[in-house]
Each structure stands twice: as C-alpha cells, then as structure tokens.
Amino acid sequence: VFLGFEYVAIYMIALQINGIIGMPLAVSNLVYEPKISEQYVRGDFIKLQKLYKQIQIVVGPISLIGLIMFYLLGFSFISYVYGEDYASSYWAIMILGFSQIISSFLGPAGSYLQMTKNENSVLNGLIISLLLNILLNLLLIPAYELIGAAISTGISLIILKLYYIFWLKKIFKNKLQINNSNNLD
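Residues numbered from 1 in each chain as written. Predicted model: local features only at pLDDT ≥ 70, side-chain atom pairs only at ≥ 80, totals over all residues. Heavy atoms only, no water.

Requested: an account of the overall build of the chain, with residues and values cited.
Summing up its helical and strand segments, the chain has six helices and zero strands in all. Along the chain direction, N to C, the helices and strands of the chain fall in the order α-α-α-α-α-α. Taken over C-alpha atoms, the radius of gyration comes to 18 Å for the chain, in line with the 16 Å a tight globule of 185 residues would show. For the C-alpha atoms alone, the extent of the chain along its principal axes is close to 55 × 30 × 25 Å. Considering only residue pairs separated by 6 or more positions, the chain has 77% of its internal contacts joining residues 24 or more positions apart. Accessible surface for the chain amounts to roughly 10200 Å². Of this, 67% is attributable to carbon and sulfur atoms. Treating the 11 positive side-chain charges of the chain as one cloud and the 9 negative ones as another, the clouds have centres 22 Å apart. (Helix = DSSP H or I, 4+ residues; strand = E, 2+ residues; numbered from the N terminus. Rg over C-alpha atoms; globule rule 2.2 N^0.38 Å. Contact = heavy atoms within 4.5 Å. Areas by Shrake-Rupley, 256 points an atom, 1.4 Å probe, with all protein chains shown as cover. Lys, Arg positive; Asp, Glu negative; His and termini not counted. Charge placed at Lys NZ, Arg CZ, Asp CG, Glu CD.)

Printed below as a string of structure tokens:
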C-alpha cells in the first residue's frame, strides 16, 4: 500500500468497473471453452481458428461500446453510485478499460491454451505478468500514484495476452493461424 487506504479504495472501484468492461470476454470464455476443448479433441483446427476469430469479432466491439459509454457517462456514474470522493478513479478506469479493449480484440488466447492441455503456459504467463506488475508498480506508483497503478496493470494485462498468443502460435505452428485480424478468412 504505497499511497494509503484511500487510494486503495479508489483503485478497487476502478478495478470493479473495469471488470464490467472486460465481462464480454469473460462470459465468452465460459461459453466457448467447452467448444474449444471439443474441437481440439476432434483435431478440427479449422473450426478452432474460425471460433477464435468469431469471438474476436463479437467480444472486442461489445467491450469497446462499454468503454465508450463509460467515457461519456463515467464521472456522473461514479459520483452517483460511489460518491464524489471516488470520481478521481475515472482516468484509472479509462486506462484499465483501454487495456481491456486491447485484450478483448486480441481474443481468447488464454482459454485456448487452457482448453488444449497447455495449462503450464497459462501459469507461466500469469507468473510473468504478476512479476511485471509488481516491478511496474514499484516504478510507477511513487511518481504517478493511481494512474501509475492503472498503467502498470494495463501493461501487464497486454503483455500477458501477447505472451499467450506467442505460445499459441509456437505450440500449434501451422495448425492454428492466429493473426489478430478481425476477418473470417
């Protein structure tokens, strides 16, 4: 707790609201994980690839709409729901939300690793992300306070997703083409 409990409370509000922005990806993971596992067991990498792209196409824009709505109504929403004292969480929410949007558009790489018997890659990514987040917090919070914490978490989330995509590409090489475009080739 670098800045005191007041900042922790404000940051917790930012994380909670960011969870709402990231909810479409979380829900899609729950819905599609059984389908990912089923297609993997069948060895149907064409359907796996199409499913990945479909999730990107649906989840990214829905999350983006949530962030845009929050951008427009955020100060009023925070003030009404949590009180004026928490309005300072607005920019931290926007930073976290932006990283959540990037994560959503990159797709469900973590779920694909988990559902294809590559849980160790997920665990290693989480450890790397955690260590990076701690390091960035040590560097950024003293200088940028709440915004520094949000930047740290946002960068860690994006690096985690890129790590997952790297391992998906490495493990499945030519079987699964994750090119991060939102078209259905």
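Which residues make up the nonpolar core, and what values do they have?
Ranked by size, the top nonpolar core spans 21 residues in total, and within it Tyr 52, Tyr 112, Tyr 164, Leu 168 and Leu 176 carry the most contacts. Counting only elements with at least two residues in this core, the list comes to helix H2 (23-42), helix H3 (45-81), helix H5 (109-115) and helix H6 (119-172). Looking at which element gives the most residues to this core, the answer is H6, with seven residues. Beyond its immediate chain neighbours, meaning those up to four positions away, Tyr 164 contacts Ala 109, Gly 110, Leu 113, Ser 121, Val 122, Gly 125 and Leu 126. Within the second largest apolar cluster, 19 residues are counted, among which are Tyr 11, Ile 13, Phe 70 and Leu 96. (Core = buried A, V, L, I, M, F, W, Y, C linked by side-chain atoms within 4.5 Å. Buried < 20%, exposed > 50% of the residue type's maximum accessible area, 1.4 Å probe, protein only.)

Explain the environment of Pro 61 residue by residue, including any values.
Within the secondary structure layout, Pro 61 lies in helix H3. For Pro 61 and Phe 45, which are 16 residues apart along the polypeptide, the C-alpha to C-alpha distance reads 25 Å. When residues no more than four places from it in sequence are discounted, the contact partners of Pro 61 are Gln 56 and Phe 105.

Give me the environment of Ala 149: which residues, what numbers.
On the secondary structure map, Ala 149 appears in helix H6. Placed 11 residues apart in sequence, Ala 149 and Leu 138 show a C-alpha to C-alpha distance of 9.1 Å. Residue contacts for Ala 149: discarding those within four places in its chain leaves Tyr 11, Asn 137 and Ile 141.

Would you mind going over the environment of Ser 79 in detail, with residue names and values included?
Positionally, Ser 79 belongs in helix H3. A sequence separation of 47 residues divides Ser 79 from Tyr 32, and the C-alpha atoms of the two residues are 36 Å apart. In this view, Ser 79 contacts Glu 84 and Ala 87; residues no more than four positions away in its chain are not counted. Here the side chain of Ser 79 touches Phe 75 through a polar contact of 2.9 Å, landing on its backbone oxygen. (Polar contact = N/O pair within 3.5 Å; in protein donor to acceptor, adjacent residues only side chain to side chain.)

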